[in-house]
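Structure at a glance
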Amino acid sequence: MRFTHVLRASAVAAALALAATACGGGSTTSSSGDPAAAENPSFEAGTTMDRLAKAKAIKIGTKFDQPLFGLKGLDNKPVGFDVEIGKIVAAKLGIPADKITYEETPSRVREEVIEQKKVDAVVATYTINDTRKQRVSFAGPYYVAGQDLMVKKEDTAITGPESLKAANAKVCSVTGSTPAKEIAKFVDAANIVLFDVYSKCADSLRNGQVQAVTTDNVILLGLIDTSQGAFKLVGKSFTTEPYGIGITKGDVKFCEFINKTLTEAVADGSYERAWKATAGKVEPKVPTLPPAGACS
Ligand code: GLU
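How each quantity is defined
Residues numbered from 1 in each chain as written. Predicted model: local features only at pLDDT ≥ 70, side-chain atom pairs only at ≥ 80, totals over all residues. Heavy atoms only, no water. Axes fitted to C-alpha atoms, helices over the stretch in contact; angles between N-to-C directions. Helix = DSSP H or I, 4+ residues; strand = E, 2+ residues; numbered from the N terminus. Parallel < 35°, antiparallel > 145°, perpendicular 65-115°, else oblique. Contact = heavy atoms within 4.5 Å. Nonpolar A, V, L, I, M, F, W, Y, C, P; charged D, E, K, R; others polar. Buried < 20%, exposed > 50% of the residue type's maximum accessible area, 1.4 Å probe, protein only. Near = heavy atom within 4 Å. Areas by Shrake-Rupley, 256 points an atom, 1.4 Å probe, with all protein chains shown as cover. Salt bridge = Lys/Arg side-chain N within 4 Å of Asp/Glu carboxyl O.

1. Regarding the packing of helix α2 (residues 48-55) against helix α9 (residues 252-267)
Contact geometry for α2 and α9: axes closest at 8 Å, N-to-C directions at 70°. With respect to α9, the axis of α2 lies roughly perpendicular. Contacts between α2 and α9 involve Thr48, Met49 and Leu52 on the former and, on the latter, Lys253, Phe254 and Phe257. The residue makeup of the contact of α2 with α9, split by class, is four nonpolar, one polar and one charged.

Shown next as structure tokens:
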């Protein structure tokens, strides 16, 4: 008798806990674990939000070879923090995760795919900067990374960007990225190797064609995590890389909508969930959402 009581009490507690997660601060997760799509949200006519909400579909440009941020595996479904940020924005537009089309968007083509309207937004470890702002607008930032170096585990000669010359190191990065530009301050052009994607840099480091890979610390952490102990981070970041969501230049209303969505995602826990399910596996500290930049 007492046993059934206890059982009943715990069943009630469990049901209450479930209800609390479902209702507390609004229902934010669907049964698949993805952010729950808003039901019939309405937006000002003529806005990007209105167009996307009516279409119930969105195209997002992201990376396909960056573990933790944007990685397309054998099941063809991209995973990572950038992908989750895309899902959060889509959900607020009433678009469920399975109605997002992902386009692989290497660093060099990000502005171009936005200008040519091949995608509605780019979420792709995309640093906000003035050069890029001449061609696109940015919502966010939603994260701040910093450029770093990745070397082979046994390397002791490379300790930071200043050590690269003395080590006569060849350094790999990606065309059209901010790290490729920055590293030219430290290394002769002949010693910089550029590919289209970072996974090719990791291959070159593995087979000894280069002695270092440079890009944002969190991208390198993802490559290290999948390197089976072959690589390490030098660990001193030397730039600030605020990640923004690239959209059509001048789409102020869409930018403001995304910024509001990001703030709400912090409040309702979906930002934290997105981090924990992805990059948080390697970097457990949940980042604080940086203050939004001005939309222009
Ligand atoms: N955040 C840097 C950039 O936007 C490096 C990462 C990347 O290439 O995606 O250029």
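Next comes the rest of the account.
2. Observations regarding α2
Residues Thr48, Met49, Asp50, Leu52 and Ala53 constitute the buried set of α2. The secondary structure elements touched by the buried residues of α2 are β1 (58-62) and α9. Just past α2, the residue Lys56 takes up positive phi, approximately 50°.

3. Details of the site of the ligand
The local shell around the ligand holds 16 residues, among which Lys63, Ser107, Thr127, Tyr198 and Asp216 are the closest. Surface burial for the ligand is 100%, taken as the share of its 290 Å² of free accessible area covered by protein chains. For the shell around the ligand, the elements supplying multiple residues, two or more each, are α6 (178-183) and β11 (212-216). Of the residues contributing to the shell around the ligand, the split by class is six nonpolar, six polar and four charged.

4. Observations concerning the pattern of salt bridges
A full pass over the atoms with the stated rule returns 15 salt bridges. One salt bridge in this structure joins Lys165 and Asp188, with 3.7 Å as the shortest N-O distance. Taken together, the residues span a long stretch of sequence, with Lys165 in the loop between β8 (147-152) and β9 (171-174) and Asp188 in the loop between α6 and β10 (192-195) at a distance of 23 residues. By relative accessible area, which is 44% here, Asp188 ends up partly exposed. The partner of Glu272 in a salt bridge is Lys276, with the nearest N and O atoms 2.6 Å apart. Here Glu272 pairs with Lys276, and both are found in helix α10 (residues 270-276), just four residues apart, close to one helical turn. On the basis of relative accessible area, Glu272 is assigned to the partly exposed category, the value being 35%. Overlapping salt bridges bring together Asp34, Glu84 and Lys87 as one network.

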